[in-house]
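Listed below are the residues making up each chain.
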Amino acid sequence: MENLYWVDVAQAERLAGPGEAVVSPSVYTTLASSGRASTSHLTFIELEDGFQRVTWKNHPTVSGMVSCYQNDITNVNATNNVKAQLLIDQLFRSHWDLDLDDTRTNYDVTNEKSSIGTALDSSQGDSAESLQYDITQLLEYHRHEATRDVHGKFTAELRRVVVIFISILFEPTLSDDPSQDTIILEIFQNIYSILTESVVSRSGQVRQFINDDKGTVFIASFGLRGSVTLHPSSTAVEAAIDAQEKLLRVMNIQCTIGLTLGKVFCGETGSPQRYEYSILGPSCNLSARLMAKGAPGEINCDEEVKTSCKRRHEFTYRGSHKLKGYDKPVPFYMPISSNNSADEEKDDVIAFFLQNDEVLKVVQSIHNKPDAGDNNTGQPHLLLINGNEETGQQSFLSAITRHPLIQTSSVIMSANLCFHDDPFYCFIPIVTRILLSYADIRERVQKFQRRCKRSSVLASLLANDALRAPPLPSGTKLLPDELTPFASVINDFLYKGFPLFKNTSEAKKLKDKDKIEKCVEVLSALIINYFKFREKRGIISIPMFDSIDDYSKKLLHDVFASDSNVLIIGGANVSSSFENDKSEEGLAPFLQPFVGEVTGSQVEVKDLNILDQQSSLELFSWVLQRHFPEFIHPLSENREVQDVIMGHCQGAVHVTAELAHTFCTQLRKERENNEDLDLLSSLKSFLAHTPNTTEEIVAFRFDKMNSEEQLLLKIASVAGFDQFSFSQHCIETVLLALSRTDHRQISDMSTIDEDANDVLIDGCIPISIGGDGEVPIDIGAPNSNKYAGMFQGENFERALDSLVEQNFLVEINVEMSDLASMDSVMYRFKSIHEQSVINGLMLNDQKQRTHLEVALFYQTFHARESGETRSDSDDVSESLSTTITSVPTSNWQLFHITALHYDLAGAHLPALLQYFECSTQLALLGMRDGAHGRLLSAYFMLDKMLHEAMALNISVDDATEQRRKVACQIVEIIGNKELSDVLKGITKDHLQTVFGGDIFAFKTALRMLTKFGQSVGTIEHEGYYFGSELYLQAIFFVLLVLDGDAFTNLTSNLDSFMKETNVQELPHIEIPTVESRECESDSLHSEDPLSSNDFDMDDLTISFPAFSGLLTFYRDSPIGANQIQETFLANLFVAVTQEANEMIHVLRAKCILSHLYLKHGDIEKALDECEGIMEIYDHDTYSLQLVNTYGMDWSLICVGTMASTYLFRGQFTAAQRCIEFLTRQLQVIDEFASSTKVMSRGTISSYYLLLCDLSSASEFSSGIGTTPYGYFFKEHGSLQERLVEKELALKDQEAVIDSDNNFDLLSILSSDNINQVQQNRSMLRQSAETLCDRGVEAIQAATCQAKVRILESLPADADVAGKQLQYCQSGLIYLNQTLSQNDANNHERRKNYLMCLRQKAHLLYWHQRIIRRLRCDFLDAQVDDLLELDGKEMELLRQCLIECEELSNKYQYVYMQLLVGKSYLNLNLDKAVGEGLIVRALDKLAAPDRIAAKELLTRIDN
């Protein structure tokens, strides 16, 4: 009966929310039948299984009143809190059925008694005051809950906990001398300190320290929520041994210890006046009794402790005791030693290989390599173990690193297995070990341990064995001073945002990929310097060398490029590219990404082959003898057995060991019933009935398991799919969820609420695993009562341990997991092949349901793990009100795994949301490729949802259908093509159905589409085609879901244009108008989740990036959008902007219109829009909003573009005004907020370069190339900076260092076809030609021309002239690329086109001059007329200048007329023509502009 009561308490606690009361069926029956008057004021709401939630009629909820205390927690006196007193008054009045004055807004505490007294008669006065006092006490009772960040789930629970009772054998004798009291007190304090340190240092909790007439007892526990260690039982045993040893050594005091493991009640017990956190249960009682039965110096453990940690500790049986409460004698055990040796703990195959001759040869070879030189420097080496799982590659590698000769002579660092492409994943244990050797890092971890209890990363760090090793000497520096400020970049990449290092301003300023580059520098410095400091050969063991992620490759490259004495031992698969050619040349292509250029002496390859028959028999016998030492029968004497074993194993190492293990497991079970079984006879019988294929062997082993083990293994095959790790807590939670008879259904998959009882809409997971109800929910056990059996006693833990013993699962270190410790032991399938076979035994519906439960577990865990919104503060506040505090972390891996499980469960909407959140986290880390991949996955989820929507039979009304038709027509005009069949049939009702009426989820999908469009356009080759489709899809969805009034306003603003393009007008039918609001998460569980009132959108902000991005694609990419498309899209964007009525969108619209006008030749309107931008722009108000919404402050970019337009038109004064505007903004722009500042500097520098003001140009361009982060136009800006440097040096007649390797200008001469024009250039190159006065190729050509002029100042010889010719040819090739583009001479790129024509004329002049010099002055020089221009230069030169002159006259580009005139003069072509052009150009200018033009001409001459 006692156990039943505890079950009721636990279930009531689970069902109760913060401040709620839930009673069991028995309590409800008692209350309902009592007949008391007080129960008439109670309301009971049935929850499940007869449990009832208790509320009072017509009063605020207790949790509502508790929130008042949360807002002002320092005011603990309720009568001093006006808000709380108002609630008390309301509760008091509602209880006595008084009329409340709803109009009273101010409560006068001083008139409290009079106001109450007026409402009551005298007979009720005393009762009323008593009631009010009782209510105040009630709130005070709940105040402690309001101060705790426990989400109402912490105060009571059943947990599996290790309990320690320690009896200290110290009986002081009291005397009359007061000084003796002090001595006795100090002894007790020292005892307490020793015991506390032994427990707390291992993440245990001190429960109590008691001294009474029964002696002195210390009580502690391991495994309470918030501080779960990886192996609590083993940790508790270690703590007990340590405490016993220290007490005896330091204090010469003996103790007896009792140690038990079991489920106990954990929670607050007591009264409101005095309460404490307690652990209660049979396990606690047993621990106390084992302590009492022990002799001095004994540690008595129960069987559960012994079973739980038998793989880490050895135990001896000490007998049994007849204890109170137990029918049978209770056995107890004593730990005698740690079981840590490699031979006994590790895999049998490793132990076998340790005796292998090949391993010994490799070990001796490593040992014979020369030691490090001075300062532990040397040459890194690489040893590749070439093999696979069949050849036992990983075990072979492990045997090398665990050989005693290597262990004693080297510092060995083992990497993670590279199951996934997480950044630096394989290096996490290596870096963690190094960092935890720092004393200050250890101190920081301990500080977080004291203050922050709910962090998986923290639990992982505390469980690391490196904390127990001696720290590095104080003052040791492994990072150079220049990298120390950036150490915190590793927090996000390796520790999921956990603040292991303090954040610095320098680290926060890093952008995008520079975070990764800096992280590589920091990690490589740590590893290299750590090995140097240890003064031993360093060995890095990487089992899956050829599978490491790209970021780890960069890190490995830096380590291998150092002068440290490091040996990297890596496992590579035989399918690698060097399989058939292991020479230095054959290895080079494979090794290049990992270690760069290496010499043959640095690399060695060791090939592994499958076992021959003799070796297979030796391994099989080895395993048998390890488990059954009595087996001495040589298998070599039995030919029949040999052949069968070889037939099964085919020489594969792990298959041989697995077969032997399977036999050992079966033999143990058979010997439980018959101890006299003959081993050899059993082996023959086993082999005769064992299948031949590996799949059949797995199924055979599976069939030999009991139903509970089969059940857990199936769940594990889902949780651990694709070699992901999973936790014991995960399996237990999923099993519990699957065992429920009232399987919950989820209507809003985006905001999972475990307590929701919503009905699942069509297309989601069915209520039964089998959709037709025929398939049982049970996925492993033959009947449902097996679920209940799994949670009786320790059946669950024993079944899980059995799976480990049978080698299906392996326990892994926390650093080996994907998700940190997850508050419990972590596992992974030993073989992915075995996992797939087990998974294949499940029905698809069973897999889906299990995947769903796993996803729900991870999402719930992440909600608890992430805690509050992450802040910029480095540490958790010192003023925390509780030690149960969360450290917010950024865990993109958890989002990714959650999304994968939702995806496999067929829950596409939550999968979409999780994929998108994962991509957002990756983008913040600068991992664009990873973010792009997750966006692609999210898009696939949306595509599946749309196809499912079209398969539904949804009837729509006329208004909805008409909206669909108009939206289709609008989008088809914008895209100039028909929509796909799927999109064409989508209506608002379809979207509302697939999104479950969740407008927030719909908006997230729109954000995903716009982000994916941006990502596709910038990452994928020719991605602008697919990117434009994504933008069109987003716009189409917005038009479908737009609020009725907003859509009417939008189309009315487009009336004239819609008529011109024959877009069908909306018929004059009344469209229902609804109140538009953004749906909060709580409203998603309303009675009608598909109500149209909940699925309207009037906030158009989310759609603006789609409009802006599509217009950018049309402007800068070779999509070939026509004027109708662009004009309609621009009009639509303007209409949307007007509807939104926000200035940042007005600014962006003006930028787009300005460029659009420029593209179509209406330059005056383009410049007018620019003037409007400068008139309304305010940096402090709009800049950051523009950056956050559109990625850049496009207002300033537009002003820069128009500045050069003004200049080319000869409007020097207006151009200067734009430049001065930009210059003022540069003083306030945060350089690290976006790329805007650097781009603006490049724009201003280019402007001054066009004016030949080289000093000003240099001032603004200086430092662009060394900007500590990358941005889209960095190549353009860096080239601009280099060009200015060369021009300034020429002006000052200074020598210029020839350092163009970074730009490699001459490399274009080695192209396969130098005359081939690349029409589909990157969109970014085309954007540069649109937004700037010159594109990348034009600046490259100008730099080549500057190089020619620089070389002209050197003494003349053939080599110099030959180099000048090469630069001339390179410049002409660059110019040919840009001049030959199909749209090179359109309106928006004409400035670049004209500049290129003039530059080509000057390079042709130099080409002719240099060839003549080579032929006339250097007769032996070889002239390579690569472009076949000899003799044609002057004709082509004149054609360029004539075309440039004609276009300048036609489009009124006066600036270019001046430059063409100067070219005629400076190239000595025709003085009269040149002077005439200049005079006519000057006559066109206004007086102020004419003065500026003359100053320009003077500077050109100088």
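Small disclaimer: the values here were computed from a predicted structure and weren't measured.

Considerations on the overall build of the chain
No. 1: Secondary structure summary: the chain contains 62 helices and 19 strands in total.
No. 2: Across the chain, every contact between residues at least 6 apart in sequence was considered, and the portion connecting residues at least 24 apart equals 73%.
No. 3: Just so you have it, the chain exposes about 64,700 Å², and 48% of that area is on carbon and sulfur atoms.

Things to note about the pattern of salt bridges
No. 1: For the coordinates displayed, the defined rule picks out 28 salt bridges.
No. 2: The partner of D242 in a salt bridge is K246, with the nearest N and O atoms 3.3 Å apart. Note that D242 and K246 are positioned in helix α8 (residues 232-251) at a spacing of four residues, about one turn of the helix.

Observations regarding the packing of aromatic side chains
No. 1: For the coordinates displayed, the defined rule picks out 24 aromatic pairs.
No. 2: Aromatic pair Y192 and F209: ring centres 5.0 Å apart, planes at 70°, arrangement edge-to-face. You can see Y192 sitting in helix α7 (residues 178-200) and its partner F209 sitting in strand β5 (residues 205-212), a full 17 residues away along the chain.
No. 3: Judged by its relative accessible area of 29%, Y192 falls in the partly exposed class.
No. 4: With centroids separated by 5.4 Å and ring planes inclined at 55°, the aromatic side chains of F857 and Y858 adopt a geometry described as tilted. The residues F857 and Y858 share a single accessibility class, namely buried.
No. 5: Taken together, the aromatic side chains of F995, F1002, F1036 and F1037 make up a single cluster linked through ring pairs.
No. 6: A cation over a ring is seen here: K518 above F486, with NZ or CZ 4.6 Å from the ring centre.
No. 7: The ring centre of Y1451 lies 3.8 Å from the NZ or CZ of R1390, which sits over that ring.

Focus on the sheet that holds strand β17 (residues 726-727)
No. 1: Strands sit in the order β17-β19-β18 across an open sheet of three strands; the sheet is antiparallel. The open sheet has two free edges, formed respectively by β17 and β18 (809-812), since each of these has just one partner strand.
No. 2: Looking at chain direction, β18 and strand β19 (residues 826-829) are connected through four bridges and run antiparallel. Its bridge partner being in β19, V810 is matched across the sheet by R828.

Quick word on the nonpolar core
No. 1: In terms of nonpolar packing, the biggest core is built from 234 residues, with L809, L991, F995, F1002, M1008, F1036 and F1037 touching the most fellow members.
No. 2: The element best represented in this core is helix α58 (residues 1390-1417), accounting for 13 residues.
No. 3: In contact with F1002, not counting residues within four places along its chain, are L991, F995, F1037, V1041, F1095 and M1097.
No. 4: F501, A507, V566 and C918 belong to the second-largest nonpolar core, a separate cluster that totals 79 residues.

What to know about unusual backbone geometry
Both trends apply: most residues other than glycine have a negative phi, and most peptide bonds are in trans.
No. 1: Even without a glycine there, the phi angle at F424 is positive, about 60°.
No. 2: Along the chain, the position of F424 falls in the loop between β13 (410-414) and α16 (428-435).
No. 3: According to the relative accessible area criterion, F424 is buried, its value standing at 0%.
No. 4: Even without a glycine there, the phi angle at N976 is positive, about 60°.

Overview of helix α9 (residues 282-293)
No. 1: The terminal C-alpha atoms of α9 lie 16 Å apart, and with twelve residues this matches the ideal 16 Å at 1.5 Å per residue to within 8%.
No. 2: All buried positions along α9 are accounted for by S283, C284, L286, S287, L290 and M291. Taken down its axis, α9 places every buried residue within 165° of arc, on the same side.

A short note on helix α42 (residues 1024-1041)
No. 1: Over its 18 residues, α42 extends 26 Å from the first C-alpha to the last, a length consistent with the 26 Å expected when each residue adds 1.5 Å.
No. 2: Among the 18 residues in α42, 15 count as buried, and that is most of the element.

Thoughts on the state of the cysteines
No. 1: Applying the stated rule across the entire model yields zero disulfides.
No. 2: There is no disulfide at C309, and the cysteine sulfur nearest it, in C301, is 6.9 Å away.
No. 3: C1151 takes part in no disulfide bond, and the closest cysteine sulfur to it belongs to C1198, at a distance of 4.4 Å.

Details of the sheet that holds strand β12 (residues 381-386)
No. 1: The strand order β13-β14-β15-β12-β16 describes an open sheet built from five strands, whose pairing is parallel. Of all the strands in the sheet, the pair left with one neighbour each is β13 and β16 (603-607). Adjacent strand axes in the sheet meet at a mean angle of 20° when their direction is disregarded.
No. 2: As judged from the five bridges shared by strand β14 (residues 537-542) and strand β15 (residues 566-572), these two strands associate in the parallel manner. Bridging across to β15, I539 finds its partner in L567.
No. 3: Seen against the sheet, helix α14 (residues 393-401) touches β12, β13, β14, β15 and β16 and runs at an angle of roughly 160° to β15.

Some details on the pairing of strand β7 (residues 255-270)
No. 1: With twelve of its 16 residues buried, β7 lies for the most part within the structure.
No. 2: Bridge count between β7 and strand β9 (residues 299-301): three bridges; the pairing is parallel. Its bridge partner lying in β9, I257 is registered against I299.
No. 3: The antiparallel pairing of β7 with strand β8 (residues 275-280) creates a hairpin that spans four residues between the two strands.

Considerations on the side chain of T196
No. 1: Following the sequence through the fold, T196 ends up in helix α7.
No. 2: Its relative accessible area of 18% is what places T196 among the buried residues.
No. 3: Not counting residues within four places of it along the chain, the set of residues in contact with T196 comprises S201, V206 and F218.

Description of the packing of helix α56 (residues 1336-1352) against α58
No. 1: Two elements in contact, α56 and α58, have axes separated by 10 Å at closest approach and are oriented at 30°. The pairing of α56 with α58 is recorded here as roughly parallel in orientation. As α56 runs across α58, the sense of the crossing is left-handed. Taking contact as the criterion, the partners of A1338, A1341, A1342, Q1345, V1348, R1349 and E1352 in α56 are, on α58, N1392, C1396, Q1399, H1402, L1403, W1406, R1409, I1410 and R1413.
No. 2: By residue class, the composition of the contact of α56 with α58 is eight nonpolar, four polar and four charged.

Brief notes about the environment of N1049
No. 1: Its location among the elements puts N1049 in helix α43 (residues 1044-1053).
No. 2: In this structure N1049 comes out as partly exposed when scored by relative accessible area, which is 35%.
No. 3: Remark: the alpha-carbon pair of N1049 and A1135, spanning 86 residues in sequence, is separated by 8.2 Å.

Some words on the side chain of S437
No. 1: Within the secondary structure, S437 sits in the loop between α16 and α17 (439-451).
No. 2: A distance of 2.4 Å separates the side chain of S437 from the backbone oxygen of I434, its partner in a polar contact.
No. 3: Here S437 is in contact with R442, P471, L472 and Y530, once residues within four sequence places are set aside.

Observations concerning the confidence of the model for the chain
No. 1: The predicted model of the chain averages 76 in pLDDT, with 76% of residues at 70 or higher.
No. 2: Every residue in residues 62-81 is under pLDDT 50, and counting partners more than four places away or in other chains gives 38 contacts.

Here's the deal with the environment of R626
No. 1: With respect to the element layout, R626 can be found in helix α24 (residues 613-627).
No. 2: The spacing of R626 and D348 is 278 residues in sequence and 8.0 Å in space, taken between C-alpha atoms.

Remarks on the environment of S524
No. 1: With respect to the helices, strands and loops of the structure, S524 is situated in helix α21 (residues 513-534).
No. 2: Taking relative accessible area as the criterion, S524 reaches 7% and is therefore assigned buried.
No. 3: In this structure, the C-alpha to C-alpha distance between S524 and K554, residues 30 residues apart in sequence, is 9.3 Å.
No. 4: The contacts of S524, once residues within four sequence positions are left out, are L555, D558 and V559.

The rules behind the values
Residues numbered from 1 in each chain as written. Predicted model: local features only at pLDDT ≥ 70, side-chain atom pairs only at ≥ 80, totals over all residues. Heavy atoms only, no water. Helix = DSSP H or I, 4+ residues; strand = E, 2+ residues; numbered from the N terminus. Contact = heavy atoms within 4.5 Å. Areas by Shrake-Rupley, 256 points an atom, 1.4 Å probe, with all protein chains shown as cover. Salt bridge = Lys/Arg side-chain N within 4 Å of Asp/Glu carboxyl O. Phe/Tyr/Trp six-rings, centres within 6.5 Å; stacked < 30°, edge-to-face > 60°. Buried < 20%, exposed > 50% of the residue type's maximum accessible area, 1.4 Å probe, protein only. Lys NZ or Arg CZ within 6 Å of the ring centre and 35° of its normal. Pairing = 2+ DSSP bridges. Core = buried A, V, L, I, M, F, W, Y, C linked by side-chain atoms within 4.5 Å. Expected span 1.5 Å × (residues − 1). Arc of directions from axis to C-beta. Disulfide = S-S within 2.5 Å. Axes fitted to C-alpha atoms, helices over the stretch in contact; angles between N-to-C directions. Parallel < 35°, antiparallel > 145°, perpendicular 65-115°, else oblique. Left-handed = near helix turned anticlockwise from the far one by under 90°. Nonpolar A, V, L, I, M, F, W, Y, C, P; charged D, E, K, R; others polar. Polar contact = N/O pair within 3.5 Å; in protein donor to acceptor, adjacent residues only side chain to side chain. pLDDT = per-residue confidence, 0-100.

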